[in-house]
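Take a look at the letters that make up each chain.
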Amino acid sequence: MKIAVIVAICLIIASFSFIPQQLVDKNSIALKIHEDTNNERIKAGLHELQYNPQLAKVAEGHSDDMAQRNYFDHVTPEGLEPVHRARNAGVKCEVGENIFTVELWGNRDRLAYRAMSGWMDSEEHKANILHESYMQEGIGIAFNFWGVAYVTQNFC
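Nothing here was measured: the structure is a model prediction, and the numbers come from that model.

(A) View of the pairing of strand β4 (residues 149-155). The element β4 is extensively covered by neighbouring structure, given that seven of its seven residues are classed as buried. Burial along β4 is two-sided: Ala149, Val151, Gln153 and Phe155 facing one way and Tyr150, Thr152 and Asn154 facing the other are all buried. Where strand β2 (residues 96-102) lies against β4, seven bridges are found, and the strand directions are antiparallel. The residue of β4 that forms the bridge with Ile99 is Thr152. In terms of strand pairing, strand β3 (residues 136-143) meets β4 through seven bridges, oriented antiparallel. For Glu137, the partnering residue across the bridge sits in β4 and is Phe155.

As structure tokens, this is what we get:
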């Protein structure tokens, strides 16, 4: 009886952790982060960033890579930096990058809020968001098997 209860509890916990990617609207989360980023820029007296799908594809590729290979870094295990990944995708500009990861992220608005709060509380990440010369951004989101979110925000 005790074993059955323990197994049942483990299954319940696992069901809250495992989030099938097909059930998550990653584009909706990315657009919420984009909206929040522009709100921060407007508050600082800066122009809004345009959303760049090509840059978003670069960001999503990095988020996917981190989620699949279980690392969290701006530089891939092979040594590719954000500028290299962007250039390999045909993006030619000054590239900035913010990354964020979280386990129990909740819903779309909560994940966007947590990513933005984390970035705005960090001088380096905040500087990327409020960089005057950036004109565009792209955001990519991925989840690993356990539902851990990986968010990459690339600027150009």
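(B) Examining the packing of helix α2 (residues 26-43) against helix α5 (residues 108-120) more closely. At a minimum axis distance of 9 Å, the contact between α2 and α5 shows a crossing angle of 40°. As judged from the angle between their axes, α2 and α5 are oblique. Helix-helix and strand crossings are classified by hand; for α2 and α5 the assignment is right-handed. Each of Ser28, Ile29, Lys32, Ile33, Asp36, Thr37 and Glu40 in α2 lies in contact with α5, whose residues at this interface are Arg108, Asp109, Leu111, Ala112, Ala115, Met116, Trp119 and Met120. Grouping the constituent residues of the contact of α2 with α5 by class yields eight nonpolar, two polar and five charged.

Thresholds, definitions, all that
- Residue numbering note: each chain is counted from 1, following its sequence as written.
- For this predicted model, a pLDDT threshold of at least 70 governs which residues receive local features, and a threshold of 80 or more governs which side-chain atom pairs are given and counted, while totals over whole chains, interfaces and linings are taken from all residues.
- Neither water nor hydrogens contribute to the side-chain values; these are computed over all heavy atoms in the structure.
- To sort residues, take the accessible area from a 1.4 Å probe on protein chains only and compare it with the maximum for the residue type: under 20% means buried, over 50% means exposed, and anything in between is partly exposed.
- Secondary structure elements follow DSSP: runs of H or I no shorter than four residues count as helices, runs of E no shorter than two count as strands, and numbering proceeds from the N terminus.
- Only strands joined by at least two bridges in the DSSP assignment are considered to pair.
- Each axis is a line fitted through C-alpha atoms, and for a helix only the stretch in contact is used; angles between axes span 0 to 180 degrees, taken between their N-to-C directions.
- Roughly parallel covers angles under 35 degrees, roughly antiparallel covers those over 145, roughly perpendicular covers 65 to 115, and oblique covers all other angles.
- If you view the pair so one helix is near and one far, a crossing is left-handed when the near helix is turned anticlockwise from the far one by less than a right angle, and right-handed when it is turned clockwise.
- Only heavy atoms matter for contacts: two residues are in contact if any of them lie within 4.5 Å across the pair.
- We call Asp, Glu, Lys and Arg charged. Ala, Val, Leu, Ile, Met, Phe, Trp, Tyr, Cys and Pro are nonpolar, and the rest, Gly among them, are polar.

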